Amino acid sequence: MSYAAYKMMHPPTGIENCASGFITQCSADFVPQIPTIQPDELESDWPSTRSIGPVPNLVVSAANVLEVYVVRVQDDGSRDSKASTEIKRGGLMAGVSGASLELVCDYRLHGNVETMAILSIGGGDGGRRRDSIILTFEDAKIAALEFDDSIHGLRTSSMHCFEGPEWFHLKRGRESFARGPLVKVDPQGRCGGVLVYGLQMIILKAAQAGAGLVGDDEAFGSEGAISARIESSYIINLRDLDMKHVKDFIFLHGYIEPVMVILQEREITWAGRVSWKHHTCRLSALSISTSLKQHPLIWSAVVCLELDDAYKLLAVPSPIGGVLVICANTIHYHSQSASCILALNNYAVPVDSSQEMPRASFNVELDAANATWLSSDVAMLSTKTGELLLLMLVYDGRVVKRLDLSKSKASVLTSGITTVGNSFFFLGSFLGDSLLVQFTYGMGSSMLSSGLKEEVGDIEGDAPTAKRLRRSPSDVFQDLVNGEELSLYGSTPSNAESSQKTFSFAVRDSLINIGPLKDFSYGLRINADPNAVGIAKQSNYELVCCSGHGKNGALCVLQQSIRPETITEVELPGCKGMWTVYHKSTRSHNPDSSKIASEDDEYHAYLIISLEARTMVLETADLLGEVTESVDYYVQGSTIAAGNLFGRRRVVQVYGRGARILDGAFMTQDLSFGASNSDSTTGSDSSTVASVSIADPYVLLRMTDGSIQLLVGDTSTCTVSVSIPPVFDSSKKPVSACTLYHDKGPEPWLRKASTDAWLSTGIGEAIDGSDNSPHDQGDIYCVVCYESGDLEIFDVPNFSSVFSVEKMSGKNNLIDTIMRKDSAEEGRKVNTQNMNVVELAMQRWSGQHSRPFLFAILSDGTILCYHAYLFEGQETASRIDSSGQNSVNLSSISASRLRNLRFVRVSLDTYAREENSTGNYYNKRITIFKNVGGHQGLFLSGSRPTWFMVFRERLRVHPQLCDGSIVAFTVLHNVNCNHGLIYVTSQGLLKICQLPSATSYDNYWPVQKIPLKGTPHQVTYFAEKNLYPLIVSVPVLKPLSHVLSSLVDQEAGHQIEHDNVSSDDTYTVDEFEVRILEPEKSGAPWQTRATIPMQNLENALTVRVVTLFNTTTKENETLLAIGTAYLQGEDVAGRGRVLLFSVGRNTDNNPQNLISEVYSKELKGAISALASLQGHLLIASGPKIILHKWNGTELNGVAFFDVPPLYVVSLNTVKNFILLGDIHKSIYFLSWKEQGAQLNLLAKDFGALDCLATEFLIDGSTLSLMVSDEQKNIQVFYYAPKMSESWKGQKLLSRAEFHVGSRVSKFLRLQMLPTTDTLGSDKTNRFALLFGTLDGSMGCIAPLDELTFRRLQSLQKKLVDAVSHVAGLNPRSFRQFRANGKAHKPGPDSIVDCELLCHYEMLALEEQLEIAHQIGTTRQQILSNLNDLSLGTSFL
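As the structure is a prediction and not an experimental result, all values here were calculated from the model. (Residues numbered from 1 in each chain as written. Predicted model: local features only at pLDDT ≥ 70, side-chain atom pairs only at ≥ 80, totals over all residues. Heavy atoms only, no water.)

1. Here's the deal with the nonpolar core
Generally speaking, nonpolar side chains in soluble globular proteins are found buried as a group. Rules: Within this scheme, the nonpolar core is defined by two criteria: the residues are buried Ala, Val, Leu, Ile, Met, Phe, Trp, Tyr or Cys, and they are joined through side-chain atoms within 4.5 Å. Summary of the burial criterion: residues with accessible area below 20% of their type's maximum are buried, those above 50% are exposed, and those between are partly exposed, where the area comes from a 1.4 Å probe applied to protein chains only. A run of H or I in DSSP becomes a helix once it reaches four residues, and a run of E becomes a strand once it reaches two; helices and strands are each numbered from the N terminus. Here a residue-residue contact requires only that any non-hydrogen atoms of the pair lie within 4.5 Å.
Counting 46 residues, the largest nonpolar core has Leu-543, Leu-1330, Leu-1355, Leu-1359 and Tyr-1400 as its most contacted members. Here this core gets 5 residues from one element, more than from any other, and that element is helix α14 (residues 1346-1362). With near-sequence residues (within four places) excluded, Leu-1359 lies in contact with His-1365, Leu-1396, Leu-1397, Tyr-1400, Leu-1403 and Ile-1411. Counting residues in hydrophobic clusters, the runner-up holds 31 residues, among them Ala-605, Val-617, Val-627 and Val-720.

Structure (C-alpha cells):
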C-alpha cells in the first residue's frame, strides 16, 4: 500500500460541548410575549401563569461536527384535535404535550471543537438582536459564527488566530499543553475571554449595539436581525499578574464592567503530598475594561479558600451574584461581601478542627461534575455516576446564608449541561445518549402530603431504546406513578421563601450516541442470506460494538445498509412498476374528522403490477389474489402510473395512450390521448405518456415529445377532463422532467413565501370549490425542469409562474430569478454536456414545522437534494420595479410570486450514485412513502437502492444492498403486512417485507442498542455458534476493610492496621465477567447464554476466539481464550491468568453445558493480549511474549521474546508475522520460524509513540503496518531491509501519516469489494481497514492505485482554496501529524482526505468542470473514482 484514502463513514456522535442561545431567531420573535414570572411572585397560583417563554436554539459539538437545533414545543392546545389524542414521550407537563429537537444546520469542520460559548447580546434592545457562536480550536484559533438567513446556514463573522511565528512568544518555549483553549463569555455580552497556552488570556471585545462592523447592517436595522459580533481582541499575560497555574475562570453577573474571576493554584500539589502542601487554590477577581485595556484586581479570596481539589467555577445569576467554587469534596460560595461552604463527604476537613462545617445530608463526591442553573437560586449538578443533584442557595437580600444539596433523579453520564430557555435543559453526553428534559417547579407544599420518600430513580425508565421511542400513554402514566415529582426544600424556613420548591422532570427527546467505541467485531446478521454474492453479500454482516460506560454501557449493533424482514416472496419476471391504491366504497361524501384521523391506518385495496406487455391487478385483502380478469382496469399493456383521486373515492390508471377512472373494480371514465385531442398533425400520433404525477384532483402527464398535458378532476361528478396548460402550449421549450407538489395542511407552507399572503389564498379556494372536505386543503404547484436546465414552479390550475431558477443543477442556493441581482452571468455559456434533469420530486412530510424537500435526478445519475426555507430580504420591493425585461404587467406577477422562497442544497455524500444507461426509456426511481414502519421519506430504486428517511427535518440516507438492483417499489398496508413494503428485484423476485422494528434509523447508520448496565470492554465473534463473548465490568460497592485486606500480599503475611478504617466505609470496585451473548430473531433483546465470572480483584483484559492445533489428536480446535490480571495495588507483584474454554453443542438450554473450562494457568505479569499463530497460542504476559503449544490438556511454551518494554496494547498476526503495539514504545515487527522454534525481531519503530491500536494492511502482495496513537494520528510503516535508511533492516520506515482527529481504538481488516475498474486488474487481493474511534465515529483507510491517488491528490490541493470552509479552518493543517512536542520527522503525504473531496460534488457545476479541467481530468472521471471508493468499502 503506497497510497490510500481516508474516508469518514459514520461521523462522531459523542457530544462534548453544548450551549444554548438565540442563534436562528431573536427572543422577540416568539409570539406569546408573556413576561416570565419572577420566582418570588409564584407563591399564589403558579400553574396558571408560568409560560414556556421564548425557547433558544441548542448548539452541540461532537469532535469536528457542529449542529444547531431548534426546540419545537407542542403545546396541549385544543385547536389541534389530532395532536392532543396522542400523548408524546414524557406525558403532559405544564401544558406541554411534547417537545422535540429539529435540525437547523449541521457542519463537519476541519478541526475539532475544543470549547464553545454563546456570545449573547444582553437585554438592552428588547431582544431584537441575535446571539453568535464562539468556537475555539487547537492550539489557539478562535472563530465567531452567526446565522445568516439568506443562506439558511452559519457564516463566519470573525476569526482570531494566535499561532505561527509571530506568536511563538506566547508559548514561552513550551510545546505541549494540558488542555486546548478555554472560552467563557460575559453574561451581558460585553466581552469574552479565551485562555490559551496555559497563562495567556485573550480578551474578545464585543461590538456595541448599533455600531455594526459592516456597512450593510444598516439596511438590516429595520429588520433587526443583527447578530452579536466581536470587534477586536487583545492579550493579557496572566504571568504578569503573578498567576502560575490557572484551573478555571468565569465572568460574574451584576457588575457595571465585566468582572472575571480566576481560580488559580499557586503551587501544584497532589493527593500524596496533601498533608505537607495544601490550601493551594486562590480566587482573584479582575475588572476588565476593554476600552482602556486595563484589568485591576478588585477582590481576591485567599484566606477562606481551604481547598486544593477545586476545579470549576459557576457564576451565580442576578439578583444574588457571586461565584460557586465546586471541589471534589466541598462546595464554596464567594462574593465580595460574603462566603459560605458546604461539605459533601468525610474527606472535607476544616482548616482548624475547632470549626464545624455544615455538611450535606448524604455523602457524594463531586469530581468531574457538570452544572447549570435551573432558576436564579437553584443549580443542577450532574455527578460522575450520573446522579442529578439540586443545589439551592438560601439567601436573604443579596447575602447567601447557606447552601442546601438534595438528591434528584439519576440520569445519563454527562459531558455538559445547558439550560434551554426557562423550561428545558439538555444533558449532553459523551458516554451515552443525550437527553432533552423539560422541568417545572412550584412553591406549593402540596407535595409534602403524599410523603414521597423516593430514593434516586432513573430519569428514564429502564426500557430499552426501541421501546422508549414508541411510548404508549400507559407507560408514561406508569412513570408518573413511580414518583416523577421530586421534593426539594430547605429544612428550616429562613426567609420569605419559606415554601419549598418542587421540581418535576419529563424526558422529551434524545440524540443517539454510539461512542465511545472501545472494540467491535464483525459477525453475521440473523436474517443473513447464505446464497448472496457480490455486493449483496455484504449486507449479511453487522458490527457489534462495545460502546458507552458504566450504566450507559451498551452493545451497539451497526448496519450500514437496511435489510428488510421478508414476509413472503414469489417469482415475478419482467416487472416495470407497482402501485397500491385505496378504495373508499361506502365512505360518506364528507368524511368526518374522526375518520380522517384514521386515514393513515386504512388498508390498501388493490395492487397494480405493470409488466412489459400487460398489467396484473391483485386484491390486497387477507391474501394477495389476482383479479385481473374481473376488473375494468386496462390490462392489455403496461401501466405508467396509478393512484387515488377525489379523496380515495376513485382510482386513476394511466397507460401509454390513455387513462381510466375506476370506482373500485368498475370503470367510470375512459380517456385516450393522441391525435383526437390536438388538432392533429400525423406526428403527434406517435407521442405517448412518458411520466405521470398525481396530486388529487390533478394528474400531470409528460409526453415523450416533451409536451405537457393536465387532467383536471371535478370533485362533484368525480370525472376528469384533459387540458393543455396554455403556458406550455405557447412556449416550445422542451420539458425534461416535471412533478406536482401538493402543499397540504391547514396552513400551506408555500403561502408564507409569497409577500402578499392574503392574495394567494384565493388559489386555495378556487381548488376547494364547494366541497371543502379536509383532504382538499392546501395548494397545488407544478414543478418543471426544462432541457436547458432551468427550473420553474407554477401554481395550478392558473399556471402562472411563481418561482424560477436558471441552471438549477449548478447552484447551492436556489433563489427566484426576480430576486437575483446578478443577471450579468448570462454571457458565460459553459458546455454542460447534456446534463439535464430526468426526474423531479417535491414533498413536505407531516410535521408541524416541516419544510418541503426538492429532489432532482440528473441524467448522469447524480442526485440533487434541496431543502426549502423562507428569507424575507429587504430588497424585495425595489427589485420588482427594475425587472423591466418582463413585458407582462408587473403588478400581477409580483403579487403571487413566491419571492421569499429559497432552497438550500443538502449534501448526500454518503450516497454512491449509479451510472444511468443512456436509453430513451427512463424508469421512474423515486417513490415517496408516508408511513413504512412508522417512518417517512422516499425510496430510490435502481441499481443502488437507497432509503432517504426524514427525522427532525434531516435526511438520513441508508442504502439497501441485500437484493442488488430493484426495479419497482411500493408501500403495502393490510392485515398481514402492517405498514410494510413490496419490491421487485431485477432478478424477478417480488418480496413483501417489513422494516426491522428494533433498529433506530435516526442515526448515520441504522443502529440497535442493547443496554448492558455495565461497561463493555472487548467483544469477539464465535462464528461456528453465532455467539458473542464479551467482557463486562459492573461497579460494586464493597466494605473498605474487605477491599484493603485483599490488597495485601498473602505470602509476606503483612497485616494492615484497621484502626483508621471505620466499619461503614465503602469503596467502589469493578467486578469483571465474560458474558456469552446470542443474538435473537428480529429485534428481541439478546440473551445471555452463559457467564464466566472472574475472581476477586481480577480484571479480564482480553477475550479472543483462537484456533489451536492439538498436538495429540493432530486436528485444529476452536477455543475461547481469556487473558486476565490481578489488580492488588503497587505493593504486590503483578500476576495474571490465561483461561481456555471450549464451546460445546448447546442441545438443551442448560447454560452450564454451553461452555466448559479446559485449561487455566497463572503467569507473571498481566495477560494483556492473545492471538493464535499457525496453531500456536501467542500470549503477551507482562514485559515478554511467549508462544505456546497446545496438547489438549495444557499449554507448553516453545519460544519467547522479551519485546514489549512496558505493556502490549494490541497483537496482530498474519501468516508467521507478528505486529505488536506497546503502550509507550511504538510498534514491533516479529516473525516466527518453525524449524528453529524461534521468535525473531525483524524491525521496530525507534520513535516514542503511545499506541492505541495496530493492524496489518494488505494490498496485493505488499504488507504494511498500521498504528494509531494517543494524539489522534494514524501512521503506516513498512519493512524494507534493503533500504539504506532502515539501518540494515532494524528500523521500520514510514509510508504515510495522517491526523484523524479522533482516537482510533480498533482496526478491522476487510477485503475490498470489486468495482468496475478493478475487475480486470491484478488488485483483487485488496484489503481496507475499517476503524472505530472513541468519539463514536467509524471510518476506513482504503488503498488506492497511483493514478487515482495522483488525480485525487491534485483535486484535494485545488479544493483547499476552492471551497469556503466553515469557521475558516484549513483542511491541510488539520491533517498534519500532531507530535505534541516530541521530535518527529515528517513522513510522506500519501493519504487523500475524502472529508475534503466530498465537497467537490457540492460545488456549482461550472466550478466542478473548471476544476476538473485545471487538473487535467474530467468531472466524470473524478466522480467515478469517488464512487468506486464508496462502493469498494460498503462492507455492511
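2. As for the packing of aromatic side chains
Worth spelling out the cut-off: Planes of paired rings set the category: under 30 degrees apart is stacked, over 60 is edge-to-face and the rest tilted, where pairs are Phe, Tyr or Trp rings (Trp by its six-membered ring) whose centres lie within 6.5 Å.
Under the counting rule described, the total for this entry stands at 34 aromatic pairs. Taken together, a centroid distance of 6.1 Å and an interplanar angle of 15° make the contact between Tyr-6 and Phe-1331 stacked. A residue pair is termed long-range when its members are at least 10 positions apart, and Tyr-6 in strand β1 (residues 3-10) and Phe-1331 in strand β85 (residues 1327-1333) qualify at 1325 residues. With relative accessibility at 0%, the residue Tyr-6 sits in the buried group. With relative accessibility at 0%, the residue Phe-1331 sits in the buried group. Ring plane angle 80° and centroid distance 6.2 Å describe the contact between Phe-1307 and Phe-1331, whose orientation is recorded as edge-to-face. You can see Phe-1307 sitting in strand β84 (residues 1304-1311) and its partner Phe-1331 sitting in strand β85, a full 24 residues away along the chain. Summarising the burial analysis for this pair, Phe-1307 and Phe-1331 share the class buried.

3. Some details on unusual backbone geometry
Of note, the bond from Gly-515 into Pro-516 is cis; its omega dihedral lies within 30 degrees of zero at -15°. Here the residue pair Asp-696 and Pro-697 is connected by a cis peptide bond, since its omega of 0° sits within 30 degrees of zero. Within the fold, Pro-697 resides in the loop between β43 (689-695) and β44 (698-703). For Ser-1226, which is not a glycine, the phi torsion comes out positive at approximately 60°. Relative to the elements of secondary structure, Ser-1226 occurs in the loop between β77 (1217-1222) and β78 (1227-1233).

4. Some remarks on the pairing of strand β33 (residues 554-558)
So the rule is basically this: For two strands to pair, DSSP has to find at least two bridges joining them.
By the criterion of burial, β33 is predominantly enclosed, with 5 of the 5 residues buried. The alternating pattern of β33 places Ala-554, Cys-556 and Leu-558 and Leu-555 and Val-557 on opposite faces, both of which are buried. For strand β32 (residues 541-547) and β33, the ladder comprises 5 bridges, and the chain directions are antiparallel. Within β33, the position partnered with Cys-546 by the bridge is Leu-555. As consecutive antiparallel partners, β32 and β33 are separated by 6 residues, and within that stretch Gly-548 has a phi angle of approximately 85°, a positive value. One ladder, built from 5 bridges, connects β33 with strand β63 (residues 1007-1011); its direction is antiparallel. Across the sheet, residue Leu-558 finds its bridge partner in β63, namely Val-1007.

5. Comments concerning helix α17 (residues 1405-1414)
Filter applied, for reference: To obtain the arc, one takes the directions from the helix axis to the C-beta atoms.
Burial in α17 covers these residues: Leu-1405, Gln-1408, Leu-1409, Ile-1411 and Ala-1412. Looking straight down α17, one finds that the buried residues subtend no more than 165° of arc, so they occupy a single side. Its buried side turned inward, α17 meets α14 and α18 (1419-1432). Gly-1416 lies just past α17 and shows a positive phi near 75°.

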